Amino acid sequence: MPNLLSRSVFNLFFGARRKALASLPGPQPGILGTAGDFLEGLPAWDVCARYGREYGGVTLIWMLGNPALVLNDPDLIEQVLVSRRMEFEKGSVSEEIKPSTTHHALFIAKQSEDWAAKRRADPFEQPWFGDWLAAQVGPMQAAVARSVESLDGAPIELTPVLRRMTFDAFAVASVGETLPDSVFEDWMLLAKGADNRIQAKLPLRFVSPPKGFEAARERFYGHFAERVRKARQAPNPDAADLLSRTLREVPGINDEVLAHVLGHVFFGGVFSSSTTLVGAYHQLQKHPEAEQRLAAEAAELAREKLTFERLRNAHWIEAVAYESLRILPAVRIFTRTPTNDVKLAGVTLPAGTTLMISNQHLHRDPSHWTNPDTFDPSRWLDGGVARDPLGSGHFFPFGRGPRECVGAAFSMVFLQTALATIAARTKVHVDSTEPFEEGFFFGVVLPKGVTGRFVSR
């Protein structure tokens, strides 16, 4: 807690602002406000979770002299993300990642501008999306199997290996085949450029892109533009990938729009999905009975061709995916800002106030979950998925409401396909079950130092 002098200096300059929000609980601010809590080495999501335990559903914090709220209350979060969402826009992340994406990116579009039109036009929102998704189980299974077969049991770091595995599976679903290493490398450079801006302590105008950034951006999106051009010239009526299906279903779609949408698929889900897999294997190593049950169900699935319908009936695999998303969600903080002065939590917040919405505490809230810190996939059986569906008050790894990740359903199918495919072939042995270090990259939790081996069964 700041000392008396530090608190007095803060009140001298910002006492009037503080008085207007005096009804809200929160830590005592000092000269830096309460920003020091986020500079002590703990991840921001752990700080937000601590606030939930100490102060309840809403916590007033101060970034220097600017107020901000940390929300851990499901009802307030519902207002901001669902019922009153038009009063709030995404936070600064839209500007931070803009140079790495394009103006066609759905996840940076503003609600007050063209977000709704972009959402309606997105391939993942079309009536044929379900059929397309069902057709991706086989191709993604084959892509994951090839990745597993390339591993020879040697020690690996799980995060980069599973990231590339996920990238390759997404590529097969998007364009029908894996992509060259050069495309993956360009994509990673663009992600690094965005991450530099997200984590910058300086105004964005002073943050320089990595060397070769502009050339990588041109090559990356140009690669998909060339694929669209070739697919127009020589359409394959039997191809199941997203590019081919979109051209058949929406022949009038603009080529640039489609090329950019295909590129954005990788930014939208590869980091989060691969992080979820790392977390799943870290937890399964700690709970061998859960891993053995996963292996048994995967082996049964492997007796016949894996289809979407058979995957849907693999309830333990689904439960492992859900529990991994609950206990170690890849995205743990969502930000919003009111576009005008707005009343929330009984006070009037100035336009531009930062709202930090955390799922870290709610995913482990002891008043809602039994043994909340224990990895227990069985909680999702016998109606558990219906009790706490994706996007509900205590379980929102992909966000909540209309701006929930448009790729959530696709990500779930990928996660279950990957878990089934890997478990049927190998046991993922993780070297340590101690809590792994959690960094941050491109807005997603980054597991560090998680090493292990893929051991053939």
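Residues numbered from 1 in each chain as written. Predicted model: local features only at pLDDT ≥ 70, side-chain atom pairs only at ≥ 80, totals over all residues. Heavy atoms only, no water.

Any chance you could break down the nonpolar core for me, citing the residues and the numbers?
Formed by 123 residues in total, the largest nonpolar core has its most connected members in Trp187, Phe266 and Tyr281. With 13 residues, the top contributor of residues to this core is helix α12 (residues 255–286). In contact with tryptophan 187, other than residues within four places in its own chain, are Arg163, Phe167, Phe220, Phe266, Phe267, Val270 and Phe271. Cys48, Ile61, Ala68 and Val70 belong to the second-largest nonpolar core, a separate cluster that totals 10 residues. (Core = buried A, V, L, I, M, F, W, Y, C linked by side-chain atoms within 4.5 Å. Buried < 20%, exposed > 50% of the residue type's maximum accessible area, 1.4 Å probe, protein only. Helix = DSSP H or I, 4+ residues; strand = E, 2+ residues; numbered from the N terminus. Contact = heavy atoms within 4.5 Å.)

Report on the pattern of salt bridges, specifying residues and quantitative values.
Scanning the entire structure with this criterion turns up 21 salt bridges. Note that aspartate 37 and arginine 50 form a salt bridge whose closest N and O atoms lie 3.7 Å from each other. Taken together, the residues aspartate 37 in the loop between α1 (4–20) and α2 (44–55) and arginine 50 in helix α2 connect sequence positions 13 residues apart. With a shortest N-O distance of 3.0 Å, aspartate 168 and arginine 164 are connected by a salt bridge. (Salt bridge = Lys/Arg side-chain N within 4 Å of Asp/Glu carboxyl O.)

Describe empty space enclosed by the protein, with residues and values.
Empty pockets left among the atoms are what a rolling probe the size of a water molecule brings to light. Following the criterion strictly, the structure yields four cavities of 30 Å³ or more and no others. Space inside the largest cavity adds up to approximately 60 Å³. Forming the walls of the largest cavity are Tyr281, Leu284, Gln285, Glu291, Leu294, Ile422, Ala423, Thr426, Lys427, Val428 and Arg457. Space inside the second largest cavity adds up to approximately 40 Å³. Every residue along the wall of the second largest cavity is listed here: Thr159, Arg163, Phe271, Ser274, Thr275, Phe441, Val444, Val445 and Leu446. (1 Å grid on protein atoms, 1.4 Å probe; cavity = no way out; pocket = protein on both sides within 12 Å on 5 of 7 lines; lining within 4 Å. Points joined across faces, edges and corners; volume = space filled by probe spheres on them.)

Any chance you could break down the pairing of strand β5 (residues 333–338) for me, citing the residues and the numbers?
Each regular strand shows side chains that alternate between the opposite faces of the sheet. In terms of burial, β5 is a largely internal element, five of the six residues being buried. By the bridge criterion, three bridges tie strand β3 (residues 88–90) to β5 in an arrangement that is antiparallel. Bridge assignment links glutamate 89 to a residue of β5, and that residue is threonine 337. Pairing of β5 with strand β8 (residues 354–358), which is carried by four bridges, proceeds in the antiparallel orientation. For phenylalanine 334, the partnering residue across the bridge sits in β8 and is isoleucine 357. (Pairing = 2+ DSSP bridges.)

Residues and numbers for the packing of aromatic side chains, please.
Counted by the stated rule, this structure contains 31 aromatic pairs. A ring pair is formed by phenylalanine 38 and tyrosine 51, whose centres lie 6.2 Å apart and whose planes are at 70 degrees; its orientation type is edge-to-face. Remark: tyrosine 51 occurs in helix α2 and phenylalanine 38 occurs in the loop between α1 and α2; sequence separation between them is 13 residues. Look at tyrosine 51 and you get buried, because its relative accessible area is 0%. Consider the rings of phenylalanine 184 and tryptophan 187, whose centres lie 5.7 Å apart with planes at 45 degrees: the pair is tilted. Residue phenylalanine 184 and its partner tryptophan 187 are both found in helix α9 (residues 181–198); the two are separated by three residues, about one turn of the helix. Ring-pair connections join several aromatic residues into one group, and the members of that group are Phe167, Phe184, Trp187, Phe220, Tyr221, Phe224, Phe266, Phe267, Phe271, Phe441 and Phe442. (Phe/Tyr/Trp six-rings, centres within 6.5 Å; stacked < 30°, edge-to-face > 60°.)

With reference to specific residues and values, describe the sheet that holds strand β12 (residues 451–456).
Spatially, the three strands line up as an open sheet ordered β4-β12-β9, and their pairing is antiparallel. Since the sheet does not close on itself, it has two edges, and those belong to β4 (156–157) and β9 (426–430), each with one partner. Of the strand pairs in this sheet, β9 and β12 are connected by five bridges, and their pairing is antiparallel. Each residue of the ladder has a partner; that of lysine 427, found in β12, is valine 455.

Before we move on, could you go through unusual backbone geometry and cite the residues and values that matter?
The phi torsion at asparagine 371 lies on the positive side, around 45 degrees, for a residue other than glycine. Within the secondary structure, asparagine 371 is located in the loop between β8 and α16 (384–387). Positive phi, normally seen in glycine, also occurs at phenylalanine 442, with a value near 55 degrees. Mapped onto the elements, phenylalanine 442 comes out in the loop between β10 (437–441) and β11 (444–448).

Account for the sheet that holds strand β1 (residues 58–63), with residues named and values stated.
The five strands are arranged β1-β2-β8-β5-β3 in an open sheet whose pairing can be described as mixed. Each having just a single partner strand, β1 and β3 make up the two edges of the open sheet. When strand polarity is set aside, the average angle formed by the axes of neighbouring strands in this sheet is 30 degrees. Packed on one face of the sheet, helix α3 (residues 74–83) meets β1, β2 (66–71), β3, β5 and β8 and runs near 120 degrees to β8. (Axes fitted to C-alpha atoms, helices over the stretch in contact; angles between N-to-C directions.)

So, to be careful, I would describe these as geometric facts and stop short of saying anything about function.
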